Amino acid sequence: MSATEQNTARREPSRPAPNPPLESRPFWNAAREHRLVLPRCEACGQCWFPPSSRCGHCLSDCMHWEDASGHGKVFSFVVVYRVYHPAFANEVPYVVAVVELAEGPRLLSNIVGIAPDKVRCGMPVKVVFEDVSDDCTLPKFAVSSGG
Ligand code: ZN
């Protein structure tokens, strides 16, 4: 059995996975280690997201990756009831949210561990990690008590 066949037997093969561009590979590699990282600009000191080769604030290419706090709040969200892809048939309804991180950047993710009708804008959340395959871990967010 090839490695591909083994993966197919263990996981949901039809579920789409991220195909990150080179600039965001450090983000996804860190996620596999259950770390949330952000690019921080060495010229202006700000973080940005999504990752790119230049600072989203000042266009400097002097940057480094650093661990984020993992804390944020729900900036906006929708509840998805319709099955747009068969791999998600058992997941509806689910919450797709824009999470505003404590460091400032906003990222698109899911809110998990709470009934979708209980999610509110401004709700404090903390990152959690879902290992969907050996190669892919998704940062998601669960309600936190604060921070
Ligand atoms: Zn900058």
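What you are looking at is a predicted structure, and each value in this text was computed from that prediction instead of being measured.

(A) Region of the structure containing the overall build of the protein chain. Within the protein chain, the regular secondary structure consists of 2 helices and 7 strands. Taken from the N to the C terminus, the helices and strands of the protein chain come in the order α-α-β-β-β-β-β-β-β. Within the protein chain, the proportion of its 147 residues that are buried is 33%. Within the protein chain, contacts between residues at least 6 apart in sequence are counted, and of these 52% link residues at least 24 apart.

(B) Expanded view of the coordination of the zinc ion. Binding of the zinc ion to the protein goes through Cys41 (SG), Cys44 (SG), Cys55 (SG) and Cys58 (SG), at separations of 2.3 Å. One can describe the site at the zinc ion as tetrahedral: its 4 donor atoms subtend angles covering 104 to 117° at the metal.

(C) The arrangement of the packing of aromatic side chains in detail. One pass over the structure, following the stated rule, counts 3 aromatic pairs. Ring centres of phenylalanine 27 and tryptophan 28 lie 5.2 Å apart, and the angle between their planes is 90°; on these two criteria the pair is classed as edge-to-face. An aromatic cluster is present here, built from Phe27, Trp28 and Phe49 joined pairwise through their rings. The residue whose ring lies beneath arginine 106 is phenylalanine 75, and the NZ or CZ to ring-centre distance is 3.6 Å.

(D) Looking closely at the nonpolar core. One finds Leu36, Val74, Val99, Leu101, Ile111, Val125 and Phe141 to be the most contacted residues of the largest nonpolar core, which totals 17 residues. Only strand 4 (94-101), strand 5 (106-112) and strand 6 (124-131) provide two or more residues apiece to this core. Sorting elements by how many residues they give to this core places strand 4 first, with 4 residues.

(E) The arrangement of the environment of leucine 108 in detail. Position of leucine 108 among the secondary structure elements: in strand 5. For the pair leucine 108 and proline 50, spaced 58 residues apart in sequence, the C-alpha to C-alpha distance is 9.4 Å. Excluding residues that lie within four positions of it along the chain, leucine 108 makes contacts with Val96, Ala97 and Val98.

(F) Representation of the pattern of salt bridges. All told, the structure shown has 6 salt bridges when counted by the stated rule. Across the salt bridge formed by lysine 73 and glutamate 100, the nearest N and O atoms sit 3.8 Å from each other. Of the two residues, lysine 73 sits in strand 3 (residues 71-80) while glutamate 100 sits in strand 4, which places them 27 residues apart along the sequence. The class of lysine 73 is partly exposed, set by a relative accessible area of 39%.

(G) Just the pairing of strand 3, in detail. As judged from the 3 bridges shared by strand 3 and strand 6, these two strands associate in the antiparallel manner. Within the sheet, the bridge partner assigned to glycine 72 lies in strand 6 and is valine 125. Bridging between strand 3 and strand 4 involves 8 bridges; their strand directions are antiparallel. Its bridge partner lying in strand 4, phenylalanine 77 is registered against alanine 97.

(H) Inspection of the sheet that holds strand 4 at higher detail. Pairing within the closed barrel is mixed, and its 5 strands lie in the order 3-4-5-7-6. Within the sheet, the average angular offset between the axes of one strand and its neighbour, ignoring direction, is 50°. Seen against the sheet, helix 2 (residues 25-32) touches strand 6 and strand 7 (137-143) and runs at an angle of roughly 70° to strand 7.

(I) Fine view of the confidence of the model for the protein chain. Overall, the prediction assigns the protein chain a mean pLDDT of 91, with 89% of residues at 70 or greater. Note that residues 1-8 has pLDDT below 50 and, in this model, 3 contacts with residues that lie over four places away or in other chains.

Conventions used here
- The residue numbers shown here count from 1 along each chain, following its written sequence.
- Whole-chain, interface and lining totals are the exception, using all residues; otherwise, since this is a predicted model, local features are given only for residues with pLDDT of at least 70 and side-chain atom pairs are given and counted only at 80 or more.
- Side-chain figures throughout are based on the complete set of non-hydrogen atoms in the structure, without hydrogens or water.
- Comment: elements are numbered from the N terminus, with helices defined as DSSP H or I runs of at least four residues and strands as E runs of at least two.
- Under the scheme applied here, a residue whose accessible area is under 20% of the maximum for its type counts as buried, over 50% as exposed, and between as partly exposed, the area being computed with a 1.4 Å probe on protein chains only.
- A contact between two residues is defined here by any heavy atoms of the two lying within 4.5 Å.
- Listed donor atoms are N, O and S within 2.8 Å of the metal (Na, K and Ca: 3.2 Å). As water is not included, a site may look incomplete.
- All geometry calls rest on donor angles, where a four-donor set with angles between 85 and 135 degrees is tetrahedral, four- and six-donor sets with opposite donors more than 155 degrees apart and all others between 65 and 115 are square planar and octahedral, and all else is irregular.
- Paired rings are identified among Phe, Tyr and Trp, the last through its six-membered ring, by centres lying within 6.5 Å, and are further divided according to the angle between planes into stacked (under 30 degrees), edge-to-face (over 60) and tilted (the rest).
- Charge over a ring is defined by NZ of Lys or CZ of Arg lying within 6 Å of the ring centre and within 35 degrees of the ring normal.
- Only buried Ala, Val, Leu, Ile, Met, Phe, Trp, Tyr and Cys residues count toward a nonpolar core, and they belong to the same one when joined by side-chain atoms within 4.5 Å.
- Think of a salt bridge as a Lys or Arg side-chain nitrogen and an Asp or Glu carboxyl oxygen that are within 4 Å of each other.
- Criterion used throughout: strands pair if DSSP finds at least two bridges between them.
- Angles here are taken between N-to-C directions and fall from 0 to 180 degrees, while the axes themselves are lines fitted to C-alpha atoms, restricted in helices to the stretch in contact.
- The predictor attaches a confidence to each residue, called pLDDT, with possible values from 0 through 100.

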